[in-house]
Amino acid sequence: MTLALADAEAFPKDGNLRGATMRTDMGTYHIRPFGQPCIEGFFGGRFARELEDAGDGAFAAHSIDEIAGFLGNDIRRKLKPLMESRWAHDPFARGAYSHALPGHAGKRAVLAAPVDRRLFFAGEATSPNFFSTAHGARDSGARAAKEVLALLAKR
Ligand SMILES: Cc1cc2nc3c(=O)[nH]c(=O)nc-3n(C[C@H](O)[C@H](O)[C@H](O)COP(=O)(O)OP(=O)(O)OC[C@H]3O[C@@H](n4cnc5c(N)ncnc54)[C@H](O)[C@@H]3O)c2cc1C
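These notes cover the structure that comes with them. Please read all numbers here as calculations on a predicted model, not as lab measurements. (Residues numbered from 1 in each chain as written. Predicted model: local features only at pLDDT ≥ 70, side-chain atom pairs only at ≥ 80, totals over all residues. Heavy atoms only, no water.)

### Notes on unusual backbone geometry
As a reminder, the rule being used: Helix numbering and strand numbering both begin at the N terminus, where a helix is a DSSP run of H or I of at least 4 residues and a strand a DSSP run of E of at least 2.
Within the chain, R32 stands out as a residue other than glycine whose phi angle is a positive 50 degrees. Positioned with a positive phi, S132 is a non-glycine residue whose angle comes to about 65 degrees. If you trace the backbone, S132 turns up in the loop between α3 (107-112) and α4 (134-153).

### Observations regarding the packing of helix α1 (residues 45-53) against helix α2 (residues 58-71)
For clarity, the cut-off: To get an axis, fit a line to the C-alpha atoms, keeping to the stretch in contact for a helix; angles then go from 0 to 180 degrees between the N-to-C directions. In these notes the angle categories are as follows: under 35 degrees is roughly parallel, over 145 is roughly antiparallel, 65 to 115 is roughly perpendicular, and the rest is oblique. In this analysis, two residues are considered to be in contact whenever any of their non-hydrogen atoms come within 4.5 Å of each other. Following the grouping adopted for this structure description, the nonpolar residues are Ala, Val, Leu, Ile, Met, Phe, Trp, Tyr, Cys and Pro, the charged ones are Asp, Glu, Lys and Arg, and the polar ones are all others, Gly among them.
Packing of α1 against α2 leaves a shortest axis separation of 8 Å and a crossing angle of 120 degrees. In terms of orientation, α1 and α2 fall into the oblique class. Contacts from F47, A48, L51 and E52 of α1 reach α2 at A58, F59 and H62. Partitioning the contact of α1 with α2 into residue classes produces five nonpolar, one polar and one charged.

### Notes on the nonpolar core
Basically, it comes down to this: For our purposes a nonpolar core is just a set of buried Ala, Val, Leu, Ile, Met, Phe, Trp, Tyr and Cys residues, chained together by side-chain atoms within 4.5 Å. We call a residue buried when its accessible area falls under 20% of the maximum for its residue type, exposed when it is over 50%, and partly exposed in between, using a 1.4 Å probe and counting protein chains only.
Within the largest apolar cluster, 21 residues are counted, with the highest numbers of intra-cluster contacts made by L3, L5, Y29, I39, F43, I67 and L79. Those elements that provide at least two residues to this core are β1 (2-5), β3 (28-31), α1 and α2. Element by element, the count of residues in this core is highest for α2, at six residues. Sequence-distant contacts of L5, defined by excluding residues within four places in its chain, comprise F11, I31, R32, P37, C38, I39, K78 and L79.

This is the structure:
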């Protein structure tokens, strides 16, 4: 979700707002990414799905309320909805990137394991240390390719 930010110069480039740490119905906000006059909001898990289900404008409305809670009501007039994504509803995405539930990080190794020495898996979700990143995805592709080559070498 992205909000346009008026009078952007008054705000720090690449600032971050993470106010709520004791609840999961919250966003994290990237202020002026790459210096652009906007704020990006990131949401996860059940709360992200609820906001998607709530329809157009729900992410922006929540974000404006939450940011106003951090920075005061004056900021409301500086914020305007720009765009919202709905990746949980996209059958070819089904979300943005993976997250493990507490205590289940080790299950990434299960996801990464080949099936019947015929199906091999890559992707950020299979990366033990760099999940949710582009480099984790790239490294996992190299790892899966090595697994295939090692198997072929034995034949
Ligand atoms: C908003 C956002 C910001 C990010 N910022 C950063 C960042 O700053 N730095 C960073 O390192 N990473 C960042 N990431 C994460 C990074 O983009 C991902 O971790 C990485 O792209 C994952 O690569 P992947 O190959 O595992 O999966 P993907 O890139 O998701 O590729 C999976 C592909 O499979 C396709 N697919 C799914 N189902 C099917 C099917 N049934 N049949 C055929 N195709 C299918 C999908 O359409 C997709 O093209 C960000 C991600 C998001 C969403």
